[in-house]
Amino acid sequence: MGFRSIKVLGVSAMITATTAVTACQGVAAGEPVAVPQVPQIRLVTNVLPTTPERCAAGTPSAAEPARMCNTAGDVLYAVDPSVTRFPVKRASAGVPQNQKQWVVTFELADADATAFADLTARTMGKQVAIAVGGRVLSAPVVNEPIRGGQVQVTGRFDERSAKDLAQRLQPS
């Protein structure tokens, strides 16, 4: 069985389990609180080349199958309904100790972790789309079941592309 690598945000990616990432955030009293974006994580059922002119605008319903383009508008993904409903708890990019490649880590809300674990357990070797705002930011291949909601996306990230993906996933 062969796999086709697709570049999203200029990066080919794979998804694996990871350990927890710690971070602290807060909002000063009186400051407006932004509504965080909810990333949609969906099983990819088909991938087709397309053009930006053929990409629909808007964010599709998370509960329905959909067609979503990547950020460049040159790849169209047919995807199943999203298994996520809540913003991620935290997201970050970095180079793990004793490694050379940039990775993106994020932690799913507890309510989404179980659904994601079920998805990854039955879809090893298949792509999942990570989308925000109606665009697929990354479509990594599932390497192993991911339990506990701790997700690590690996691939050919450079510093800029890893930090960009983490920032788009980071709760506001």
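Residues numbered from 1 in each chain as written. Predicted model: local features only at pLDDT ≥ 70, side-chain atom pairs only at ≥ 80, totals over all residues. Heavy atoms only, no water.

Taken as a whole, this structure holds one disulfide when the rule is applied. Each sulfur of the disulfide joining C55 and C69 lies 2.0 Å from the other. Across the disulfide from C55 to C69, rotation about the S-S bond amounts to roughly -90°, and the bridge is consequently left-handed. Of this pair, C55 sits in the loop between β2 (40–49) and β3 (66–70) while C69 sits in strand β3, placing them 14 residues apart in sequence. (Disulfide = S-S within 2.5 Å. Helix = DSSP H or I, 4+ residues; strand = E, 2+ residues; numbered from the N terminus.)

We now examine the confidence of the model for the protein chain. Confidence in the prediction for the protein chain averages 84 pLDDT; 79% of positions are at 70 or higher. Confidence drops under a pLDDT of 50 for residues 1–8, and excluding neighbours within four residues, the segment shows 18 contacts in the predicted structure. Counting contacts from residues 17–27, a segment whose pLDDT is below 50, to residues more than four positions away or on other chains yields 23 contacts. (pLDDT = per-residue confidence, 0-100. Contact = heavy atoms within 4.5 Å.)

Moving on, we come to the pattern of salt bridges. Enumeration according to the criterion identifies five salt bridges in this entry. As a salt-bridge pair, K89 and D110 come within 2.8 Å of each other at their nearest N and O atoms. Remark: D110 occurs in helix α1 (residues 110–122) and K89 occurs in the loop between β4 (75–79) and β5 (90–94); sequence separation between them is 21 residues. Residue K89 is classed as partly exposed on the basis of its relative accessible area, which comes to 33%. The partner of E107 in a salt bridge is R90, with the nearest N and O atoms 2.0 Å apart. (Salt bridge = Lys/Arg side-chain N within 4 Å of Asp/Glu carboxyl O. Buried < 20%, exposed > 50% of the residue type's maximum accessible area, 1.4 Å probe, protein only.)

Bringing the sheet that holds β4 into the picture now. Here we have five strands rolled up into a closed barrel, ordered β2-β4-β3-β8-β7, and mixed in their pairing. Averaged over all neighbouring strand pairs, the angle between strand axes comes to 55°, with direction disregarded. Across four bridges, the pairing between β2 and strand β7 (residues 128–132) is antiparallel. Within β7, the position partnered with Q40 by the bridge is A131. (Pairing = 2+ DSSP bridges. Axes fitted to C-alpha atoms, helices over the stretch in contact; angles between N-to-C directions.)

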